[in-house]
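Architecture and fold: a report
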Amino acid sequence: MDKLSPERRALLQRMLRERGIEDRPTSAAIVPRKGGGPSPLSLNQEGIWFIHQLDPERPAYNIPGVVRVRGPLDVEALQNSLGLILRRHDALRTVFDLDAAGVPVQKVTDPGPFELPVVDLSASSEQEQASEVQRRARADAETPFDLAHGPLFTAFLLRLSDVDHVLILKVHHLVIDGWSWGIVTEELKELYRSQRRGVEGGLSRPELQYVDFAVWQRDWLSGDRYDELVSYWSEQLRDLQSLDLPTDHPRPPVQSFRGKHQPLHVTEPEARRLRSFARTEGHTLFVVLLTAFKVMLRYYAKQDDIVVGATFANRGRSELEAIVGYFVTLLPLRTRVEGPSTVPSLLRRVSETASGAISHQALPLNRLVTELGLARDPSRTPLFQVVFYLLTPDHNPAVFGFGLPGTKEVVEMDDIELTPIETECHLARFDLMFLLWDLPEGLYGTVEYSTDLFDDATIGEMIDAFHAVLPLVVEHRGRTVDALSSQLARELEERRRRAAEESKQKMSSSLSRIRSRGGRRRSGPADADGGARP
């Protein structure tokens, strides 16, 4: 870092901060807890546990994955590798219950033998296999966990042929986050290679486990430190106006979590242009994309006060980087997207908001809601209903691509390859979520949306709007937000016109083919018997 220019060093520091891996605190170190037995939930886990209690049969916080495994898979080596991962990370063997006083606690279960069930579909046709993969994946993803008895990590394998398998995984969000998936993926690669060669893996058991963090956090996040965080967020969210996006259907009184996904892809040349623009402006790609996203939301909501949820790794200490568990925090990023603002000024405002949130990310969302005295509304998530993610595959692998059509990533593991399978998951935790992975081939991801509120066509147009606003931000940086909104309206109108024209041409072509076939049928018998039919 010392060899970088001051500008590049500052940009790198901002990128590290956005991932939650900078600003190491100097307060008391995290140490292994003394003794075993139940331990308290972390403050992060409290929120998910509470939501689960409201409707235990709803799988809103299941984290599924469906992975194609191509090549000569060693099933025993894969089973043993997954078993070793469960032994290494207590969080994946944790269950949740109430103690005698009615307080939720987490308990780490003993690491018993891990079995990877195999279902043989090799006798079925390719079409039957594809249908069965989708059916089983959806059924598994939509089956709720029993938090009190577990297990909260499950896996099974579908055998399509000797060199073609599908691995279906499911983990509850209480014990894992995106960063943790990165840890699991890297360890799986190393352990599988070792198992294939019949040698012990070189991985030592982590010195700390998630329950150690949970105990430490409750002591660390207290007193003046806790009060300062509450004060910061209270000021940031003073007189917050809810983002009022137009919907196709009225909001139901109770959130159902029913949803769909549509693919989102920004091509490699477009992504390269966005990265270059971000560097030139002295901001990160996340800030540029979030700025464009907020300009788009302002166009639809017709309001200046725009609040969007965003995730932060919440691993600002080096000893947390190798621990599997639920650390990630989801926090509101509020920006005034005012009409007279230019792109550079709006970028600065979004960047300052993100930097402030990063510096104050230690306060979990559920505690923030409680401290603000917000009444729970069963029809929506508190503070924000729209979320924006930008992930990188180093810490958030895209290979576990359940419900993420269009996501591209290949993980090589010895002599086999893992790739995500496009599988539709009918769940949505928010009204609207844009989720992107920053990959070398471009930006790949998905738009998740509540089907109680939005029709497919509406989300399709919103994706078009996002595609349209990205070049506007880059190419017209001197224009005001009002000017960008007007240009966006014209762009969308032109896209609608072209779509209508293409639809008309397709319909005309189809009618012509139908008439042509009808004409041939009428003339056929006459040609056959040498004369016209009466």
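Keep in mind that what you see is a predicted model, and the values were worked out from it rather than measured. Chains are numbered independently. Their residues run from 1 in the order of the written sequence. Only residues with pLDDT of at least 70 are given local features in this predicted model, and only at 80 or more are side-chain atom pairs given and counted; all residues enter the totals for whole chains, interfaces and linings. Excluding hydrogens and water, the side-chain values take into account all heavy atoms of the structure.

**Describing the packing of helix α2 (residues 43-54) against helix α6 (residues 210-220)**
- Axis lines are fitted through C-alpha atoms, for helices just across the contact stretch, and the angle between N-to-C directions can take any value from 0 to 180 degrees. Under the DSSP-based scheme used, a helix requires at least four consecutive residues in state H or I and a strand at least two consecutive residues in state E, with every element numbered from the N terminus. At a minimum axis separation of 9 Å, α2 and α6 run at an interaxial angle of 100°. It follows from the interaxial angle that α2 and α6 lie roughly perpendicular. Of the residues in α6, those in contact with Leu 43, Asn 44, Gln 45 and Glu 46 of α2 are Tyr 210, Phe 213, Gln 217 and Arg 218.
- Following the grouping adopted for this structure description, the nonpolar residues are Ala, Val, Leu, Ile, Met, Phe, Trp, Tyr, Cys and Pro, the charged ones are Asp, Glu, Lys and Arg, and the polar ones are all others, Gly among them. When its residues are assigned to classes, the contact of α2 with α6 shows 3 nonpolar, 3 polar and 2 charged. For classification, angles of less than 35 degrees are called roughly parallel, those exceeding 145 degrees roughly antiparallel, those between 65 and 115 degrees roughly perpendicular, and all remaining angles oblique. We call two residues in contact when some of their heavy atoms are within 4.5 Å.

**Quick word on the environment of Asp 464**
- Here Asp 464 lies in helix α12 (residues 456-475).
- Once residues lying within four places of it in the same chain are set aside, the contact partners of Asp 464 are Leu 492 and Arg 495.

**Overview of the confidence of the model for the protein chain**
- A residue's pLDDT is simply how confident the predictor is in it, with values from 0 to 100. Looking at the protein chain as a whole, its pLDDT mean stands at 89, while 90% of the residues score no less than 70.
- Here residues 525-534 scores under 50 on pLDDT; set against residues more than four positions off or in separate chains, the count is 4 contacts.

**Notes on helix α8 (residues 268-281)**
- A rise of 1.5 Å per residue sets the reference length of α8, with its 14 residues, at 20 Å; its end C-alpha atoms lie 20 Å apart and thus fit the reference within 8%.
- Where α8 is concerned, the buried positions are Ala 271, Leu 274, Arg 275, Phe 277, Ala 278 and Glu 281. Seen end-on, α8 carries its buried residues on one side only, within an arc spanning 160°.
- Of the surrounding elements, those touching the buried residues of α8 are β8 (259-267), α9 (285-301), α10 (343-359), β14 (432-439), β15 (442-450) and α12.
- Where α8 ends, the next residue or the one after it, Gly 282, has phi of about 80°, a positive value. What a helix is expected to span follows from its residue count: subtract one and scale by 1.5 Å. Relative accessible area decides the class of each residue, using a 1.4 Å probe on protein chains only: under 20% of the type maximum gives buried, over 50% gives exposed, and in between gives partly exposed. The arc in question is traced by the directions running from the helix axis to the C-beta atoms.

**A look at the sheet that holds strand β1 (residues 39-40)**
- If DSSP finds at least two bridges between two strands, the strands pair. The antiparallel open sheet is built from 3 strands, whose spatial order is β1-β4-β3. At either margin of the open sheet sits one strand with a lone partner, and together these are β1 and β3 (94-98).
- In this structure, β3 lies alongside strand β4 (residues 104-108), joined through 5 bridges in antiparallel fashion. What sits directly across from Phe 96, in β4, is Gln 106.

**Comments concerning the pattern of salt bridges**
- Each salt bridge in this description consists of a side-chain nitrogen of Lys or Arg and a carboxyl oxygen of Asp or Glu lying within 4 Å of one another. For the coordinates displayed, the defined rule picks out 38 salt bridges.
- Residue Glu 46 pairs with Arg 367 through a salt bridge whose shortest N-O separation is 3.2 Å. Here Glu 46 is found in helix α2, whereas its partner Arg 367 is found in helix α11 (residues 365-371), with 321 residues between them in sequence.
- Its salt-bridge partner being Arg 298, residue Asp 304 comes within 3.0 Å of it at the nearest N-O pair.
- If you follow the salt bridges from partner to partner, you end up with Asp 74, Arg 196, Arg 197, Asp 414 and Asp 415 in one network.

**Section: the packing of aromatic side chains**
- Whether two aromatic rings pair depends on their centres lying within 6.5 Å, for rings of Phe, Tyr and Trp, where Trp uses its six-membered ring; planes under 30 degrees apart make the pair stacked, over 60 edge-to-face, and the rest tilted. According to the stated counting rule, one finds 14 aromatic pairs in the structure shown.
- With a centroid separation of 4.8 Å and an interplanar angle of 50°, the aromatic rings of Phe 293 and Phe 434 are classed as tilted. Of this pair, Phe 293 sits in helix α9 while Phe 434 is found in strand β14, placing the two residues 141 residues apart along the sequence. For the residue pair Phe 293 and Phe 434, the accessibility class agrees, reading buried in each case.
- Arranged with centres 6.2 Å apart and planes meeting at 80°, the rings of Phe 293 and Phe 466 form a pair that is edge-to-face. With a gap of 173 residues between them, Phe 293 in helix α9 and Phe 466 in helix α12 connect regions that are remote in the sequence.

**Here we look at empty space enclosed by the protein**
- A cavity here means a set of 1 Å grid points, computed over protein atoms only, where a 1.4 Å probe fits but cannot escape. A pocket is an open set with protein on both sides within 12 Å along at least 5 of 7 lines, and lining residues have an atom within 4 Å of a point. Grid points are joined across faces, edges and corners, and a volume is the space filled by probe spheres set on the points. Counted under the stated rule, the structure contains 4 cavities of 30 Å³ or more.
- Surrounding the largest cavity, Arg 251, Pro 252, Gln 255, Ser 256, Ser 379, Asp 431, Ser 450, Asp 452 and Leu 453 form its lining.
- Class assignment for the residues of the lining of the largest cavity results in 2 nonpolar, 4 polar and 3 charged.

**Some words on α6**
- Counting buried positions along α6 yields 8 of 11 residues, so the element is predominantly enclosed.
- When α6 is considered as a whole, its buried residues turn out to be Tyr 210, Val 211, Asp 212, Phe 213, Ala 214, Trp 216, Gln 217 and Trp 220.
- Lining the buried residues of α6 we find β1, α2, β4 and α7 (223-236).

**Topic: the environment of Gly 259**
- Relative to the helices and strands, Gly 259 is located in strand β8.
- We classify Gly 259 as buried; its relative accessible area is 3%.
- Through-space distance from the C-alpha of Gly 259 to that of Ala 428 is 4.5 Å; in sequence the pair is 169 residues apart.

**Some remarks on the sheet that holds strand β13 (residues 416-420)**
- Pairing is mixed in the open sheet, where 6 strands are placed in the order β5-β6-β7-β2-β13-β12. Of all the strands in the sheet, the pair left with one neighbour each is β5 (118-120) and β12 (411-413). Looking at each pair of strands side by side, their axes are set apart by 25° on average, direction ignored.
- Here β5 runs beside strand β6 (residues 153-161); their pairing, made up of 3 bridges, is parallel. Opposite Val 118, over in β6, you have Leu 157 as the bridge partner.
- Strand contacts of helix α5 (residues 178-197): β2 (62-70), β7 (164-172), β12 and β13, with the helix running at about 30° to β12, the strand carrying the most contacts.

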